[in-house]
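Chain and residue survey
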Amino acid sequence: MAGLEPLYAWAQAAISRPQDALICGVHWELVRHGYRCLGAGDEPGPDERKSELLPTGWEANKEVYTLRYKSTDDARELLLKAIMVEDSMILNVMDRSSQKVADVTLAVSDYINPEHLDDFHMVYKNTEELRTRIASGIIAPLGGPTEKAKKEPEAEKKDADLPRDYDPLRVPPRQPAGTRAPSWPSPLSPFAVGGEDLDPFGGRSGGMIVDPLRSGFPQPGIDPSSGIPGRLPPGAVPPGARFDPFGPLGAGRAGPDPDHLPPPGYDDMFM
């Protein structure tokens, strides 16, 4: 029962009977389910505030313990009366706002070892059963603030698959389905500028030099590595290398090349 140990150490000086130890256990179960103690007695006192600790004078009456609690959301206020009848403790709890009443009877010896009141690690037994009795006999009939807390994580879990910056009003990027976004080089790297043009294998996209064989436009079926008749012998271009042809691809032009003729009206052999 995590959290009960420091509470028991804080209250140990006031624990002199087995029912005192049982009240500590019951009190901590109410704290675990979202309640905080306001004080002892039927009526509120001055300057009361919610606390996880037991109030001053909580153990004054060994036959009838009276404690008041309020939920963390301030929706419920409980009045707890623990009445000793021989070796049993009758827990009577009333919700003051709804007037609902719940009660549980606990045999003290089922949960407390009276010979180990000074040792927290040995004083309690059957703690899981005690938790179940408090939850089913008091918390469930009256309804606790934990019911609201249980619904909130479900709403969070429902949207857990959405990114944190998800905005349903944002227009999605107009990128065709099944395509990959271009991998732009880092603008912070001084060596990234022109890196695509310096890649001899042409493995990266982009750059300022257009490779006609990888430009995406329809090209004649040509493999530079096999040579270009009348221009390059076979093997002059390594397989897969970037190739910038010197002249138009495909069949040669019919007749003289206009670039080899002098301009009209000029008769200068040095032109």
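Residues numbered from 1 in each chain as written. Predicted model: local features only at pLDDT ≥ 70, side-chain atom pairs only at ≥ 80, totals over all residues. Heavy atoms only, no water.

Further remarks concern the environment of Ser-97. Positionally, Ser-97 belongs in the loop between strand S4 (88–95) and strand S5 (101–107). Reaching out from Ser-97, the side chain makes a polar contact with the side chain of Asp-95 at a distance of 2.8 Å. (Helix = DSSP H or I, 4+ residues; strand = E, 2+ residues; numbered from the N terminus. Polar contact = N/O pair within 3.5 Å; in protein donor to acceptor, adjacent residues only side chain to side chain.)

The full count for this structure, using the stated rule, is 10 salt bridges. For the salt bridge of Glu-52 with Arg-36, the shortest nitrogen-to-oxygen distance reads 3.4 Å. Residue Glu-52 is found in the loop between strand S1 (35–40) and strand S2 (64–71), and its partner Arg-36 is found in strand S1; the two are separated by 16 residues along the sequence. By relative accessible area, which is 36% here, Glu-52 ends up partly exposed. Across the pair Arg-68 and Glu-48 runs a salt bridge, and its minimum N-O distance is 2.4 Å. Within this pair, whereas Arg-68 is found in strand S2, its partner Glu-48 is found in the loop between S1 and S2, the two being separated by 20 residues in sequence. Salt bridges here are not isolated pairs; linked through shared partners, they connect Glu-29, Arg-32, Glu-128 and Arg-131. (Salt bridge = Lys/Arg side-chain N within 4 Å of Asp/Glu carboxyl O. Buried < 20%, exposed > 50% of the residue type's maximum accessible area, 1.4 Å probe, protein only.)

Here the protein shows a mean pLDDT of 77. Residues at 70 or above account for 57%. For the protein, helix H5 (residues 146–158) is the element with the lowest average pLDDT, namely 47, and S4 is the one with the highest, namely 96. Note on residues 146–156: pLDDT under 50 across the span, and 3 contacts to partners over four residues away in sequence or across chains. (pLDDT = per-residue confidence, 0-100. Contact = heavy atoms within 4.5 Å.)

What the rule picks out here adds up to 3 aromatic pairs. When the ring of Tyr-8 is compared with that of Phe-120, the centres are 5.7 Å apart and the planes differ by 50 degrees; the resulting orientation is tilted. Of the two residues, Tyr-8 sits in helix H1 (residues 4–11) while Phe-120 sits in helix H3 (residues 120–123), which places them 112 residues apart along the sequence. No difference in accessibility class separates Tyr-8 from Phe-120, as the two residues are buried. The interplanar angle of 75 degrees and the centroid separation of 5.8 Å between the aromatic rings of Tyr-8 and Tyr-124 together place this pair among those described as edge-to-face. Pair noted here: Tyr-8 is in helix H1 and Tyr-124 is in the loop between H3 and helix H4 (127–142), with a separation of 116 residues, a long-range link. (Phe/Tyr/Trp six-rings, centres within 6.5 Å; stacked < 30°, edge-to-face > 60°.)

Relative to each other, H1 and helix H2 (residues 18–32) sit at 140 degrees, their axes nearing to 10 Å. Considered as vectors, H1 and H2 are oriented oblique to each other. For the pair H1 and H2, the sense of crossing is right-handed. Touching Leu-4, Leu-7, Tyr-8 and Ala-11 of H1 are Ala-21, Cys-24, Gly-25, His-27 and Trp-28, all from H2. The class makeup of the residues in the contact of H1 with H2 is 7 nonpolar, 2 polar and no charged. (Axes fitted to C-alpha atoms, helices over the stretch in contact; angles between N-to-C directions. Parallel < 35°, antiparallel > 145°, perpendicular 65-115°, else oblique. Left-handed = near helix turned anticlockwise from the far one by under 90°. Nonpolar A, V, L, I, M, F, W, Y, C, P; charged D, E, K, R; others polar.)

With that settled, the discussion passes to the environment of Glu-5. Looking at where Glu-5 falls in the secondary structure, it is placed in helix H1. Accessibility expressed as a relative area gives 37% for Glu-5, which makes it partly exposed. In sequence terms Glu-5 and Cys-24 are 19 residues apart; their C-alpha atoms lie 9.9 Å from each other. In contact with Glu-5, not counting residues within four places along its chain, are Phe-120 and His-121.

On to the side chain of His-33, then. Relative to the elements of secondary structure, His-33 occurs in the loop between H2 and S1. Side-chain polar atoms of His-33 contact the backbone oxygen of Glu-29, separated by 2.9 Å.

Glancing now at the pairing of strand S3 (residues 77–85). With 7 bridges connecting them, S2 and S3 associate as antiparallel partners. In the sheet register, Arg-68 faces S3, and the bridge partner there is Leu-79. Between S2 and S3, which pair antiparallel in sequence order, lie 5 residues; one of them, Asp-74, sits at a positive phi of approximately 60 degrees. As paired strands, S3 and S4 are joined by 8 bridges and run antiparallel to one another. (Pairing = 2+ DSSP bridges.)

For the rest of this paragraph, the subject is the sheet that holds S2. Overall, antiparallel pairing links the 5 strands, which are arranged S1-S2-S3-S4-S5 in an open sheet. Edge strands, defined here as strands with exactly one partner in the open sheet, are S1 and S5. On average, each strand axis in the sheet is inclined to that of its neighbour by 25 degrees, with strand direction left out of account. Where S1 and S2 come together, 5 bridges link them in antiparallel fashion.

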